[in-house]
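# Summary of structural features
Take a look at the letters that make up each chain.
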Amino acid sequence: MTPAIRIDSVTKHYGAFQALAGVSLEVAQGEFFGLLGPNGAGKTTLISSLAGLTRPSSGTLEVMGHDVVTDYRRARMKFGVVPQELVFDPFFSVRELLRIQSGYFGIARNEEWIDEVLDNLDLLPKANANMRTLSGGMKRRVLVAQALVHRPPVIVLDEPTAGVDVELRQGLWQFIRKLNRDGHTIVLTTHYLEEAETLCGRIAMLKAGKIVALDSTRALLKQFASHSLRVRVTDADAALAVGGVIEDGSWVTFGFDAYADVEQLLARLREAGAGVEEIQIGEPDLERVFVEVMNRA
Amino acid sequence: MPDRESERFSPWIGFRTLFYKEVLRFWKVGFQTVAAPVLNAVLFLLIFSHVLDRHVTVYGDISYTTFLVPGLIMMSLLQNAFANSSSSLIQSKITGNIIFVLLPPISYREFFTAYVTASVLRGLMVGVGVWLVAAPFVDLPMAHPLWVLMFAVLGGAILGSFGVIAGIWADKFDQLSAFQNFLIMPLTMLSGVFYSIHSLPGLWQSISHVNPFFFMIDGFRYGFFGQSDVSPWLSLAVVGACFVLLSALTLSMLARGYKLRN
Ligand SMILES: Nc1ncnc2c1ncn2[C@@H]1O[C@H](COP(=O)(O)OP(=O)(O)OP(=O)(O)O)[C@@H](O)[C@H]1O
Ligand SMILES: [Mg+2]
């Protein structure tokens, strides 16, 4: 089957600065995919290249098998983006805006779907309100609605939950999950790693324009120490010699697989002369994986 | 499968919607975008005609006020056609909502045509507005309506296209007003809106002949009076060539994604 997204050796330069340093990536149809990375890693640049908002310096990108430059009409028909920036057109009401956006995608009559989207995003009461009068979170919901007017099979959400309240966040994920179950491919960027962990089946981590990790969420969690032992010690250097990773001040973290290993670890710390003052045991989570991947890369 | 749904695409609807949106954008604030420029032009007319009407006649027996009206109509039309596309684009760029027209499958030709056509429409509306308001006060003939329409549309399209270039190039509003104040305004003012260039000393006459705005206004005026400073065919050739050149330039900027898809 054609991949939903195919990115092949894409680079992007802004003057001397390299925002993307050769990214290759495939996302299969029906995936719920996470694109993670620190600020400035190049996530938005990659998404903009897919959307045709940015021209890559080299490499090719395809959406559902359509090159985003040479076959842009088909590629864009199949692609919906929720942009990171909270942008809106102050001249129009929510419904006007969605009608206009449908028209841009060649759809003359779209009321039924517009109503369904508005309903799912709890926007029906605001349908006739001017964009200017909406709160920040509501404007973001409209951005989601705008991305969906043409029912794109591939949907990319660039930090859709920044500044959004708990209720909408849950409602939004419910809706996006439903779209995913119906066969839409979802790509998500977020800095809330629990969100990515529960939603995404596969994750790519980006750092300085390069992919530094790419695997299923489960495998990533497993690969990078399944559990963690955090200890506060009197002598952090001594603890580091045992093989930990320093976090802040006197906290040092170790990974371990089985609880039986904890005893040995503590024994080695004692031998090394790093007096243990406090202990925390952490279940594996994506945040730990993320920190470790970023430190290694 | 959601895939088949999106296979159909009608570029015509995309273009039509963008055009409609651009029209709605100025029409919703029509007081500023149509009524205000009409008022402006009428004020010009009142002042100049009051001062000069009795002292000046042009083309023999045409009163100065009558002579002035087509020039004012054209000047307002041109300035507003420019203002429309340029301010729409820079606003969209600064607020960031330009992405909503860049994300859809709209080609750069459709994009160009929609913005320019909407600009022409606003220019025509302002022009007709000035004409309607002035009509009761002057006895304005219309010798060749087709020439009037042709120059109005071509002039509007040239300035609409120029507005697309300026709107894409400018990063800030003051860069745009520099365009307007240092290029568009002087060129229109010195194009013979307020005088027939035959009344100018020789050097200034020759300078006027390299100003494309002169040909737009002179050709437009020919449509009303059947008389003009130069042959209307020459004006048509110059204005037509300007339109082709400027459109080609604008289209090539858009095709490269200059500043819009960088
Ligand atoms: N138009 C531009 N001109 C110059 N540099 C740019 C431009 N756009 C992005 N960059 C740079 O490219 C790098 C990647 O930016 P990008 O927005 O893709 O990061 P990101 O991963 O989305 O970050 P965030 O998590 O903060 O959204 C940054 O260093 C940014 O400053
Ligand atoms: Mg970003």
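Residues numbered from 1 in each chain as written. Chains lettered and ligands numbered in written order. Predicted model: local features only at pLDDT ≥ 70, side-chain atom pairs only at ≥ 80, totals over all residues. Heavy atoms only, no water.

Here we take up the domain arrangement of chain A. Along its sequence, chain A is organised into domain 1 (5–222) and domain 2 (226–283). The C-alpha centroid of domain 2 of chain A is placed 40 Å from the C-alpha centroid of domain 1 of chain A. (Domains from an automatic or database assignment.)

Let us look at the site of ligand 1. Residue and element names in this part refer to chain A. Close contacts around ligand 1 come from 14 residues, with Gly 40, Lys 43, Thr 44, Thr 45 and Gln 84 the closest. Tyr 14 is positioned such that a nitrogen or oxygen atom in its side chain is 3.5 Å from a nitrogen atom of ligand 1. The side chain of Gln 84 places a nitrogen or oxygen atom 2.8 Å from an oxygen atom of ligand 1. The protein chains hide 64% of the 640 Å² of surface that ligand 1 would expose on its own. Secondary structure elements with two or more residues in the shell around ligand 1: β2 (17–27) and α1 (43–51). It is α1 that provides the largest number of residues to the shell around ligand 1, a total of three residues. (Near = heavy atom within 4 Å. Polar contact = N/O pair within 3.5 Å; in protein donor to acceptor, adjacent residues only side chain to side chain. Areas by Shrake-Rupley, 256 points an atom, 1.4 Å probe, with all protein chains shown as cover. Helix = DSSP H or I, 4+ residues; strand = E, 2+ residues; numbered from the N terminus.)

This part is about the sheet that holds strand β14 (residues 276–282) of chain A. All names here are of chain A. Reading across the sheet, the four strands line up as β12-β13-β11-β14 and stay open at both edges, with antiparallel pairing between neighbours. Two strands close off the open sheet at either side, each with one partner strand: β12 (245–246) and β14. Bridge count between β12 and strand β13 (residues 251–256): two bridges; the pairing is antiparallel. Its bridge partner being in β13, Ile 246 is matched across the sheet by Val 252. (Pairing = 2+ DSSP bridges.)

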